[in-house]
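# Residue-level structural notes
Here is how the chains run, residue by residue.
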Amino acid sequence: MSGALELSKMLLNTVAQPAYDVYNGMVTIVSARGNQTTSGANDTSKLVTLELTTEDIQFYMTLKLIWAFAICFVGLGTAFTVLYYMYVLFFVPYERVKRLGSIGYLNHEAGQPSKKEIANLIRKRRKIGEDLPPVYPNGWFRLVDSLQLKKGEVKEVSAIGQHFAVFRTQTGKAHILDAYCPHMGGNLGVGGQVKGECLECPFHGWVFSGKGECVKIPYSEKVPSFAKTKSWPSREVNGAVFVWYHCDGVEPEWELPVVEDIANGNCNYLGRVEHHVNTHIQDLPENGSDQAHLSHLHVPNALSGNDLSTQFSSSWNFAQHIFKAYSKGSDEDTPHISKFDLTHYLLIFNRWRFLQMFFKVYQIGPGCVHLHFTSLLWKGVFVQTVTPLEPLHQVITHNLYGGWTVPLWLGRIFLFLEAVQVDRDVMIWNNKTFRPRPKLVKEDNLIAKYRRWFAQFYTENSPRLQMKTEDDASW
Ligand code: FES
Ligand SMILES: [Fe+2]
């Protein structure tokens, strides 16, 4: 192979075309030339002796081709990757979803538990607390974001102890029906077909309007009056489809306020963050009135991460979040809305203030919060929702909107910083118990006030958690 080695040098030092010539018939020439030990007047310094076989030449031609392909591949791959991330950064709204079990179970021995272990853990933790408040308060709850429901699309959503078929008609109106068909129980949300303004059951083809009336039975001459299903009160507002839930079937007692800038398209959707958490719904909005936790849990800056066991490390102390909340109570005509102001800044080296922001916060019923903020750079609004998917399984969403001049990459950074702070809450919620009579000090007084306010969303028949026996706890 010494000749092959020499040829490889020649091939690697030559341009592509001559190399192909060698491959396609010049083998003998090269070989003969080598055997003749050629030298010439213009080439006296080079004596080339090559003992080559066809396989040698093919082998090194292949090597050279692979080398060329590898360079092209890496170059193109790098270019496409950079372009893709630039595209995402500048043109795609942020999307981050953390499912149940992905945050907050980090401290278990033997590392991250398996999915089955997490499932059992979650089931066991559903027995948290005594005198747990009812698990499904009355109010408006988000089922899907508007962007997640296209025209002609249907989704099955299980939440608040119910099963819903949420669909959008061909003209764009969203409706919510009971998922189970009154005929023989087919699930309208799984395989149901939107037909114009109606929804067709996938089992035998009965067709229902958004009001729940059956308008067609394909194999029957008549549609009897009993052929109807439950239509749930719904509103599509502030970028999401909400359902009204009341344990006694009472019609909506109040409305969700419309954020004008979202409704009239004056602001830009910047992205969303979603967390699933294993806790009682009351724990989530209670955060707003729990000022003491703002000055402890949320102080370390986002770079210190979301793991409670390491986030308080002093190496991150150079930058700290400082929050202050001021309760403003409720107005007489809107007792279902609790208001408070919140200020924030990032304190660097205990001296300089950055990212100063002012929030006007409106907790609207048990399942929705609007956080309107202003800062030097820009202003915007977070629409936060909480929906109980199961008694102690909540889904929290934060959707961010800003002015049209606010670039998506800025929203992305902002949402990420917010998400890290929520991650910390999630880790607390996933592991805490519910204290019906917490030992509060004077400075905690807003928490007691908040609990009295929240109690208005429970009525006598609000469902409570059925405690399970120890044997039920394993799957
Ligand atoms: S179960 Fe829906 S049409 Fe029969
Ligand atoms: Fe918090």
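An unreviewed UniProt entry annotates the protein chain as cholesterol 7-desaturase originating from Clavelina lepadiformis. In its Cofactor (unreviewed entry) section, the UniProt entry covering the protein chain states "Fe cation". Among the UniProt annotations of the protein chain, the heading Sequence similarities (unreviewed entry) holds the following wording: "Belongs to the cholesterol 7-desaturase family."

If you trace the 8 strands from one edge of the open sheet to the other, you get E1-E12-E18-E17-E16-E15-E14-E13, paired in mixed fashion. Here the strands that pair on one side only, and so sit at the sheet edges, are strand E1 (94-98) and strand E13 (319-331). Within the sheet, the average angular offset between the axes of one strand and its neighbour, ignoring direction, is 15°.

A few words now on the nonpolar core. Leu 143, Ala 165, Val 166 and Phe 242 are the most contacted members of the largest nonpolar core, which totals 65 residues. By residue number, the principal contributor to this core is helix H9 (residues 408-431), which donates 7 residues. Residues from two domains meet in this core; each of domain 2 (95-133 + 263-475) and domain 3 (139-245) gives at least three. Here Phe 242 is in contact with Trp 140, Phe 141, Arg 142, Leu 143, Ser 234, Arg 235, Val 237 and Leu 256, once residues within four sequence places are set aside. Judged by nonpolar contacts, the second largest core, of 5 residues, contains Leu 446, Tyr 450, Phe 454 and Phe 457.

Let us now look at unusual backbone geometry. Despite not being glycine, Asn 238 shows a phi value in the positive range, around 55°. The topology assignment puts Asn 238 in the loop between strand E10 (234-237) and strand E11 (240-245). Asn 238 sits in the buried class, given 24 other C-beta atoms within 10 Å. Positive phi values are uncommon outside glycine, yet Leu 355 reaches one of about 50°. Looking at the secondary structure, you find Leu 355 in strand E15 (residues 352-364). On the basis of neighbour count, Leu 355 is assigned to the partly exposed category, with 16 C-beta atoms found within 10 Å.

Turning our eyes to something else, we now look at helix H4 (residues 54-91). In this model H4 runs 54 Å from its N-terminal to its C-terminal C-alpha over 38 residues, within 8% of the 56 Å that 1.5 Å per residue would give. When you tally the buried positions in H4, you get 2 out of 38 residues, a small fraction of the element.

Cut-off values and rules
Residues numbered from 1 in each chain as written. Chains lettered and ligands numbered in written order. Predicted model: local features only at pLDDT ≥ 70, side-chain atom pairs only at ≥ 80, totals over all residues. UniProt positions renumbered as here; feature names shortened; annotations may be inferred. Pairing = 2+ DSSP bridges. Helix = DSSP H or I, 4+ residues; strand = E, 2+ residues; numbered from the N terminus. Axes fitted to C-alpha atoms, helices over the stretch in contact; angles between N-to-C directions. Core = buried A, V, L, I, M, F, W, Y, C linked by C-beta atoms within 7 Å. Buried ≥ 20, exposed ≤ 12 C-beta atoms within 10 Å, placed from the backbone. Domains from an automatic or database assignment. Contact = placed C-beta atoms within 7 Å. Expected span 1.5 Å × (residues − 1).

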